[in-house]
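# Secondary and tertiary structure notes
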Amino acid sequence: MRKLFRITLLASVSLLIFGQFAQAQSKIGYVDFQSIVSQMPEAKTIKPQIDAYQKQFVTQLTTMNNELQTKGKAFQDQSKTMSDADKTAKQTELQDLQKKMQDYQANAQQQVEAKSNELIKPVTDKARAAVNDVAKAKGITYVFDSSQGSALLVSNDGSDLTASVKTKLGIK
């Protein structure tokens, strides 16, 4: 009788523990975050702003390139009549101008990228907050970004939250 009681007690405790474990399992969902962000009305105004900002740098780079081309052509035309010292000085000047242009281009690229990140941050923060709200409402613990491709391979047990997040943000 004692043995039967122990077995019954052990079985009951096991069922209780495993039942709690089954309830504690996390629910998983996924969203196409890039799709959500790109369809937000706020995101549609960012590209023209970045293009206008980038145009300033393109204009300056074009001016610098034209100056380099003009000085390079003048050097080629006059190099036959120049002394070696003058040739060396002009070559150094052209190399410095080219280096200055490359540095400006690299700096411009960094500034455009920083401006882009600055403009997109509020939009992504808003989308992330909406994903968080929808996940909480649906009791989902983990949400993967399916637009990245590498993090999510199969989603059989997950819930696609993209439509719900778009609805929460007012995106059709």
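Residues numbered from 1 in each chain as written. Predicted model: local features only at pLDDT ≥ 70, side-chain atom pairs only at ≥ 80, totals over all residues. Heavy atoms only, no water.

Attention now goes to the overall build of the protein chain. Of the regular secondary structure elements, the protein chain holds 6 helices and 3 strands. When the helices and strands of the protein chain are placed in sequence order, the string is α-β-α-α-α-α-β-β-α. The burial tally for the protein chain puts 24% of its 172 residues in the buried class. Of the contacts made within the protein chain by residues no fewer than 6 positions apart, 85% connect residues no fewer than 24 positions apart. When the accessible area of the protein chain is evaluated, it comes to approximately 12700 Å², of which 55% is carbon and sulfur surface. (Helix = DSSP H or I, 4+ residues; strand = E, 2+ residues; numbered from the N terminus. Buried < 20%, exposed > 50% of the residue type's maximum accessible area, 1.4 Å probe, protein only. Contact = heavy atoms within 4.5 Å. Areas by Shrake-Rupley, 256 points an atom, 1.4 Å probe, with all protein chains shown as cover.)

Attention now moves to the sheet that holds strand β2 (residues 142-145). On the basis of which strands lie adjacent, the open sheet formed by 3 strands has the order β2-β1-β3 and parallel pairing. Both outer strands of the open sheet, β2 and β3 (159-160), are each paired with one neighbouring strand and no more. Both strand β1 (residues 28-31) and β3 contribute to a ladder of 2 bridges, which runs parallel. What sits directly across from Gly 29, in β3, is Ser 159. (Pairing = 2+ DSSP bridges.)

A word on the nonpolar core. Val 31, Ile 36, Met 40, Ala 127, Leu 161, Val 165 and Leu 169 are the most contacted members of the largest nonpolar core, which totals 23 residues. Every element with two or more residues in this core is listed here: α2 (33-39), α4 (46-78), α5 (84-138) and α6 (162-169). Top element by residues in this core is α5. It accounts for 9 residues. Leave out the neighbours within four places in its chain, and Ala 127 touches Phe 33, Ile 36, Val 37, Met 40, Val 165 and Leu 169. Core analysis: the next-biggest nonpolar cluster, separate from the first, contains 8 residues, Leu 61, Phe 75, Met 82 and Met 101 among them. (Core = buried A, V, L, I, M, F, W, Y, C linked by side-chain atoms within 4.5 Å.)

To continue, consider α6. For α6, every residue scored as buried is listed here: Thr 162, Val 165, Lys 166 and Leu 169. Mapping the buried residues of α6 onto a view down its axis gives an arc of 100°, with all of them on the same face. Turned more than 90 degrees from where α6 packs its buried face, Ala 163 and Thr 167 sit exposed. Where α6 is buried, its residues touch β1, α2, α5 and β3. Following α6 by one or two positions, Gly 170 adopts a phi angle in the positive range, close to 80°. (Arc of directions from axis to C-beta.)

Within the secondary structure, Thr 124 sits in helix α5. The class of Thr 124 is buried, set by a relative accessible area of 17%. Other than its neighbours up to four places away in sequence, Thr 124 contacts Phe 33 and Val 37.

With that settled, consider the pattern of salt bridges. This structure, assessed with the given rule, holds 9 salt bridges. Measuring nitrogen to oxygen at the nearest pair gives 3.5 Å for the salt bridge that ties Lys 73 to Asp 77. Of this pair, Lys 73 and Asp 77 both sit in helix α4, separated by 4 residues, roughly a single helical turn. A single burial state applies to Lys 73 and to Asp 77, both of which are exposed. One salt-bridge network, in which partners are shared between bridges, spans Glu 67, Lys 71, Lys 90 and Glu 93. (Salt bridge = Lys/Arg side-chain N within 4 Å of Asp/Glu carboxyl O.)

What follows is about the UniProt feature "coiled-coil region" (unreviewed entry) in the protein chain. Taken from the UniProt record, the annotation "coiled-coil region" (unreviewed entry) applies to residues 87-114. Secondary structure content for residues 87-114 is 100% helix and 0% strand, while the C-alpha to C-alpha distance between its ends is 40 Å. (UniProt positions renumbered as here; feature names shortened; annotations may be inferred.)

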